[in-house]
Amino acid sequence: MTPPIHVLDEIDSTNAEARRRAEGGDVASQWIVARRQSAGRGRRGRNWESEGGNLFCTLLHLTQKSPAEAAQVTFVAALAVADLLDAFAVPGVVSIKWPNDVMIAGEKASGILIESGVHANGSLWLAVGIGVNLAHAPEGTERRATSLAAHLRSDIAYPPAIDAAATVLAEAFTVWQARWESLGFQPILDAWTARTNGLDGPCVARLGHETINGVAEGVAPDGALRLRTADGALRLISAGDVFFGADAHERAA
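Read on for a plain summary of the structure. (Residues numbered from 1 in each chain as written. Predicted model: local features only at pLDDT ≥ 70, side-chain atom pairs only at ≥ 80, totals over all residues. Heavy atoms only, no water.)

We now examine the overall build of the protein. Helix and strand counts for the protein come out as six helices and 13 strands. Compactness check: the protein gives a C-alpha radius of gyration of 18 Å against a globular reference of 18 Å for 253 residues, within 12% of the reference. By its C-alpha atoms, the protein is 50 × 45 × 35 Å across when sized along the principal axes. The 253 residues of the protein split such that 51% are buried. (Helix = DSSP H or I, 4+ residues; strand = E, 2+ residues; numbered from the N terminus. Rg over C-alpha atoms; globule rule 2.2 N^0.38 Å. Buried < 20%, exposed > 50% of the residue type's maximum accessible area, 1.4 Å probe, protein only.)

Quick look at the structure:
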C-alpha cells in the first residue's frame, strides 16, 4: 500500500521535516511534500534550488535492514523517478547516471538525497529525499540541468501539478520497493543498469580527497561503481562526483 502523502505549502526542507518526525517518535511511513522549500539541500551539503512548480518530497520509512543494505534504496528511488518522468516525457529520453541522478536527454532533471538514523524503537529510519525539475531548471549549475517541461510528449501541454506528480512518484516507488523487499536487490540493480549510461567507458571520479581517472567496468553486486585505472587497478566507488563519456574527457583534460 502506498503511504499517505502530506502536502505542505512551505517548509525549510522535507528531509529536515522527516528527521524531526522520526526523532519525535513517528513510526508511520509517509511522504512529505513541499510546494516550496526555504533551505533545500542536495548531496555534499549543496543547496537545492526550490523554485515553485517543481517537486520537493521525502519518504520517511522505518526498516529493519542494516545501514549497508538500506542504502540500496537510492536505486529504488532512481527507478521511481525515472518512471515518473517517463509518464510525461518524450519516449526514450529518460536515463539514469550512476548512482541516482535521473536525466532527460543527457541533462540532470532530478536529485536524490538519502539520510538515516536510529529510531527510538531500534529500527533504522530512512529519509528518501527527492527533487524533480518539473517546471523549471536551475541555471549556472556544474552539470547541465533541464526540466520535464522542456521535454513533454506532444499530447501533454503542461508538466503535472505537484500533487499529481507526487502521487505518480509514490505509486512507482511502492512498486519498486515491493520488488526489492520480496525479490532482493538483484532485480532492482538489473532494472537500474538497463536505464544507466556510461558504465562501460571513460570515467572520472572526484572524491573528497582525490580524483581518479579510468574506465568504468559496470557495477559491483552492491551497486558500487567498478573503475579500472590506467595502471590496471580496480577501484570500487561507493560515493562521489562521477563523470562519464565526454564529460569525463573534459574533467581529465
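There is more to say after this.
Let's shift gears to helix H3 (residues 73-86). Between the first and last C-alpha of H3 there are 20 Å, a value that for 14 residues agrees with the 20 Å anticipated at 1.5 Å per step. Most of H3 sits inside the fold, with twelve of its 14 residues counted as buried. Buried within H3 we find Val 73, Thr 74, Phe 75, Val 76, Ala 77, Ala 78, Leu 79, Ala 80, Val 81, Ala 82, Leu 84 and Leu 85. (Expected span 1.5 Å × (residues − 1).)

On the secondary structure map, Val 128 appears in strand E8 (residues 124-132). On the basis of relative accessible area, Val 128 is assigned to the buried category, the value being 1%. Remark: the alpha-carbon pair of Val 128 and Leu 59, spanning 69 residues in sequence, is separated by 5.0 Å. Residues in contact with Val 128, not counting those within four places in the same chain, are Asn 15, Cys 57, Thr 58, Leu 59, Val 73, Ala 77, Leu 113, Ile 114 and Phe 173. (Contact = heavy atoms within 4.5 Å.)

With omega at -5°, the peptide bond leading from Trp 98 into Pro 99 counts as cis. Structurally, the position occupied by Pro 99 is in the loop between strand E4 (94-97) and strand E5 (101-104). In this structure, Ala 105 takes a positive phi of about 50° despite not being glycine. Residue placement: Ala 105 occurs in the loop between E5 and strand E6 (107-108). For Ala 105, a relative accessible area of 47% puts it in the partly exposed group.

Once that is clear, we can look at the pairing of strand E7 (residues 110-118). By the bridge criterion, nine bridges tie E7 to E8 in an arrangement that is antiparallel. For Ser 116, the partnering residue across the bridge sits in E8 and is Leu 126. The antiparallel hairpin formed by E7 and E8 contains five residues in its connecting segment, where Gly 122 sits at a positive phi of about 95°. (Pairing = 2+ DSSP bridges.)

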